[in-house]
Amino acid sequence: QVQLVESGGGLVQPGGSLRLSCAASGSIFSINGMGWYRQAPGKLRELVAAITSGGTTNYADSAKGRFTISRDNAKNTVYLQMNSLKPEGTAIYYCNAEVIRVADKGEYGYWGQGTQVTVSS
């Protein structure tokens, strides 16, 4: 099986920074796209940023200029550096990975368990 484990969430003041990490482990042949999503109370889950295996990135308008997504393919890990955080960034942040499994070389989508980010003074 495949697991995604996020870390790095917490409480930060407005204007502060956090760095989220998400490590994938298990029966992984390779990973295509990886991304970060967030879900605020009462709202739908939304894309924050995504990155392909080749390093091409895509950001939500709300993240452009403040957040940076990156990945370490050797470690099957994706990162999200978040700067100039705003209170509206308070949400549970989830990572997602499109994994090619060893067993059947099929592509499957996996989610992490989520990490809480709270932006408040």
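Our subject is the structure that appears above.
These lines cover the structure that appears in this document, whether it is placed above or below. (Residues numbered from 1 in each chain as written. Predicted model: local features only at pLDDT ≥ 70, side-chain atom pairs only at ≥ 80, totals over all residues. Heavy atoms only, no water.)

1. Section: the overall build of the chain
Along the backbone of the chain there are 0 helices and 11 strands. Helices and strands in the chain line up, N terminus first, as β-β-β-β-β-β-β-β-β-β-β. Rg of the C-alpha trace for the chain: 14 Å, near the compact-globule value of 14 Å for 121 residues, within the 12% margin. When the backbone C-alpha atoms are referred to their principal axes, the chain occupies close to 50 × 25 × 25 Å. Looking at the chain as a whole, 41% of its 121 residues are labelled buried. Restricting to contacts in the chain with at least 6 residues of sequence separation, those with at least 24 account for 56%. (Helix = DSSP H or I, 4+ residues; strand = E, 2+ residues; numbered from the N terminus. Rg over C-alpha atoms; globule rule 2.2 N^0.38 Å. Buried < 20%, exposed > 50% of the residue type's maximum accessible area, 1.4 Å probe, protein only. Contact = heavy atoms within 4.5 Å.)

2. Points about the packing of aromatic side chains
Evaluated as defined, the whole model comprises 1 aromatic pair. Ring geometry for Y37 versus W111: centroids 5.0 Å apart, planes at 65°, classification edge-to-face. Highlighted residues: Y37 in strand β4 (residues 28-39) and W111 in strand β10 (residues 107-111), separated in sequence by 74 residues. If you follow R19 out to its NZ or CZ, it ends over the ring of Y79, 4.1 Å from the centre. Note that R45 overlies the ring of W111, its terminal NZ or CZ placed 4.6 Å from the centroid. (Phe/Tyr/Trp six-rings, centres within 6.5 Å; stacked < 30°, edge-to-face > 60°. Lys NZ or Arg CZ within 6 Å of the ring centre and 35° of its normal.)

3. Topic: the state of the cysteines
Counted under the stated rule, the structure contains 1 disulfide. There is a disulfide in this structure between C22 and C95, and the S-S distance comes to 1.9 Å. Separated by 73 residues along the polypeptide, C22 in strand β3 (residues 18-26) and C95 in strand β9 (residues 91-101) bring together distant segments of the chain. As far as the burial class goes, C22 and C95 line up, both buried. (Disulfide = S-S within 2.5 Å.)

4. Considering the sheet that holds strand β8 (residues 77-82)
Paired through backbone hydrogen bonds, the strands of a sheet run either parallel or antiparallel to each other. Ordered by their spatial adjacency, 4 strands build an open sheet running β1-β3-β8-β7, and the pairing between neighbours is antiparallel. Each edge of the sheet is formed by a strand with only one pairing partner; in this case those strands are β1 (2-7) and β7 (67-72). Averaged over all adjacent pairs, the angle separating strand axes in this sheet is 15°, with direction ignored. For β7 and β8, the ladder comprises 6 bridges, and the chain directions are antiparallel. Counted as the bridge partner of S70 is Y79 from β8. (Pairing = 2+ DSSP bridges. Axes fitted to C-alpha atoms, helices over the stretch in contact; angles between N-to-C directions.)

5. A look at the environment of G55
With respect to the secondary-structure elements, G55 resides in the loop between β5 (46-51) and β6 (57-59). What makes G55 partly exposed here is its relative accessible area of 38%. Considered as a pair, G55 and D72 are 17 residues apart in the sequence and their alpha carbons are 9.8 Å apart.

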